[in-house]
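# Remarks on the overall topology
Residues per chain are reported as follows:
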Amino acid sequence: MLTIDPKKVPVKKTYGLMVSAVGPRPIAFASTVNEKGEPNLAPFSFFNVFSANPPILVFSPVLRIKDDSEKHTLENVKNHKEVVINIVNYDMVQQMSLASTDYADGINEFEKTGLTMQESEVVKPFRVKESPVQFECKVNEVKPLGDKGGAGNLVICEVLRIHVSEDVLAEGEKIDQHKLDQVARMGGNLYSRANMGVFEIPKPQTTLGIGVDNIPQSIRTSTILTGNDLGKLGNVENLPNETEITEFLSENKLVDYVKESSEEKIHAIAQEYLKKEEVRSAWKILLAKNK
């Protein structure tokens, strides 16, 4: 394993390793204004949600590595404590990328990118009309993490208004993740398109799972079943009883197959059930072999 002491390598190398390892990262497309009231628009992938009550978003413009200088967005949120954070979807990802160009102060990135300025309700910075979700925020605090190139500056933003396009809404005013078609940053020039790789995992909080430690050792130490498979098996509240197992084997004509098959084959069949999210069926065939 490669081991690196960040103090002994250039900041650029540390930065590259971190942004390649930690991802995909959501993108804060931050709209601000300078002291003259001129608009600025720039993306930041050091970004996330930190609280819902109060509603808090945090993003971090780093100091430029080449000369330790502040980016225009950081200057703006220090001088005018308001920002609109716009969520980026696939339809606007190229325009968002263009906005990351290091234009001179006062240059309007809305014009450069062809994106549309939309007036906000309670803050001065404009919203990006094309963005499917927009957060109007006041800046509660800007916390510097250092004074050299690469140092982050936590911009702690309290959400005052949320605007969501009806095009991405599902029933109950919930956001449909597939319709949102969000993109995220990875290392180098790479991005991730969320709805191309969306999968579901039931939250453990909804059930009191038995845990992997309560799975029989012969299953837990399987050479076929993966850690993810064991995680699914450990998330059930209780195990099938003998009646359920017998009925399952009979209905699926698996009685003789289970008797004649090796443990590895049974684990492989169980794994197929797990891939289809039929966790209880996987348990039934595993326990049938263990009886």
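Residues numbered from 1 in each chain as written. Predicted model: local features only at pLDDT ≥ 70, side-chain atom pairs only at ≥ 80, totals over all residues. Heavy atoms only, no water.

### Some details on the overall build of the chain
Stated precisely, the cut-off is as follows: Counting from the N terminus, the helices are DSSP H or I runs at least four residues long and the strands are E runs at least two residues long. Every radius of gyration here is taken over C-alpha atoms, with the globule rule written as 2.2 Å times N^0.38, N being the number of residues. A simple rule labels every residue: compare its accessible area, found with a 1.4 Å probe on the protein chains alone, to the largest value its type can have, and call it buried under 20%, exposed over 50%, or partly exposed in between.
Scanning the chain from N- to C-terminus turns up 11 helices and 13 strands. Expected size for 291 residues packed as a compact globule is a radius of gyration near 19 Å; at 26 Å, the chain overshoots this value by more than 25%. For the chain, the spread of C-alpha atoms along the three principal axes comes to 80 × 50 × 30 Å. Counting all 291 residues of the chain, 39% fall into the buried class.

### Details of helix 11 (residues 279-290)
Operational definition: In a helix, the anticipated span is given by 1.5 Å times the number of residues less one. We call two residues contacting when some pair of their heavy atoms lies within 4.5 Å.
Taking 1.5 Å as the rise per residue, helix 11 with 12 residues should run 16 Å; its terminal C-alpha atoms sit 17 Å apart, in good agreement. The element helix 11 is extensively covered by neighbouring structure, given that nine of its 12 residues are classed as buried. Among all positions of helix 11, only V279, S281, A282, W283, K284, I285, L286, L287 and A288 are buried. On its buried side, helix 11 packs onto helix 6 (217-220), helix 7 (227-233), helix 8 (242-251), helix 9 (255-260) and helix 10 (263-275).

### Quick look at the packing of aromatic side chains
Short version of the rule: Stacked, tilted and edge-to-face are the three classes applied to pairs of Phe, Tyr and Trp rings, where Trp contributes its six-membered ring and a pair requires centres within 6.5 Å; stacked means planes under 30 degrees apart, edge-to-face means over 60, and tilted covers the rest.
Per the stated rule, a full pass over the model turns up four aromatic pairs. A ring pair is formed by Y15 and F46, whose centres lie 6.1 Å apart and whose planes are at 40 degrees; its orientation type is tilted. Of this pair, Y15 sits in helix 1 (residues 11-21) while F46 sits in the loop between strand 2 (39-44) and strand 3 (47-52), placing them 31 residues apart in sequence. For the ring pair F110 and F126, a centre distance of 6.4 Å and an interplane angle of 75 degrees mean the geometry is edge-to-face. In this pair, F110 sits in helix 4 (residues 109-113) while F126 sits in the loop between strand 6 (117-118) and strand 7 (127-128), placing the two residues 16 residues apart along the sequence.

### Here's the deal with the pairing of strand 5 (residues 82-87)
The criterion, for reference: Note on pairing: DSSP must find at least two bridges between two strands before they are called paired.
The buried fraction of strand 5 amounts to five of the six residues, a majority that puts the element mostly inside the structure. Bridge analysis of strand 1 (residues 28-33) against strand 5 gives four bridges, and the strand direction is antiparallel. Residue pairing for strand 5: A30 is matched across the bridge by I85. Taken together, the five bridges between strand 5 and strand 8 (residues 133-144) define a ladder with antiparallel strand orientation. Bridged to V84 within strand 8 is E136.

### Section: the environment of S69
Where we set the bar: Each polar contact in these results corresponds to two N or O atoms within 3.5 Å; when the atoms are within protein, one needs to be able to donate a hydrogen and the other to accept it, and residues that are neighboring in sequence are counted only if both atoms are side-chain atoms.
Inspection of the secondary structure assignment puts S69 in the loop between strand 4 (55-59) and helix 2 (72-79). Distance in space between the C-alpha atoms of S69 and G150 is 9.7 Å, their sequence separation being 81 residues. Leave out the neighbours within four places in its chain, and S69 touches L63 and R64. At a separation of 2.6 Å, a polar atom in the side chain of S69 contacts the side chain of D67.

### Observations concerning the nonpolar core
As a rule of thumb, soluble globular proteins bury nonpolar side chains together. So the rule is basically this: As used here, the term nonpolar core means buried Ala, Val, Leu, Ile, Met, Phe, Trp, Tyr and Cys residues forming a set that is joined through side-chain atoms within 4.5 Å.
By size, the foremost hydrophobic cluster in this structure holds 24 residues, and its most contacted members are F59, V83, I85 and F135. Sequence-distant contacts of I85, that is, excluding residues within four places in its chain, are made with A28, F29, F47, L57, F59, V133, Q134, F135 and C157. Formed by 23 residues, the second largest nonpolar core is a distinct cluster that contains I210, I215, V236 and L274.

### Some remarks on the pairing of strand 1
The element strand 1 is largely enclosed, with a buried count of six among its six residues. The side-chain alternation of strand 1 yields two buried faces, one formed by A28, A30 and T32 and the other by F29, S31 and V33. The antiparallel pairing of strand 1 with strand 2 creates a hairpin that spans five residues between the two strands, and G37 there sits at a positive phi of about 85 degrees.

### What about the environment of N241?
Mapped onto the fold, N241 is located in the loop between helix 7 and helix 8. Sequence spacing of N241 and G152 is 89 residues, and the spatial spacing of their C-alpha atoms is 55 Å. Of the polar contacts made by the side chain of N241, one reaches the backbone nitrogen of E244; its length is 2.8 Å.

Note that every value here comes from positions in space, so none of it alone points to a role or purpose.
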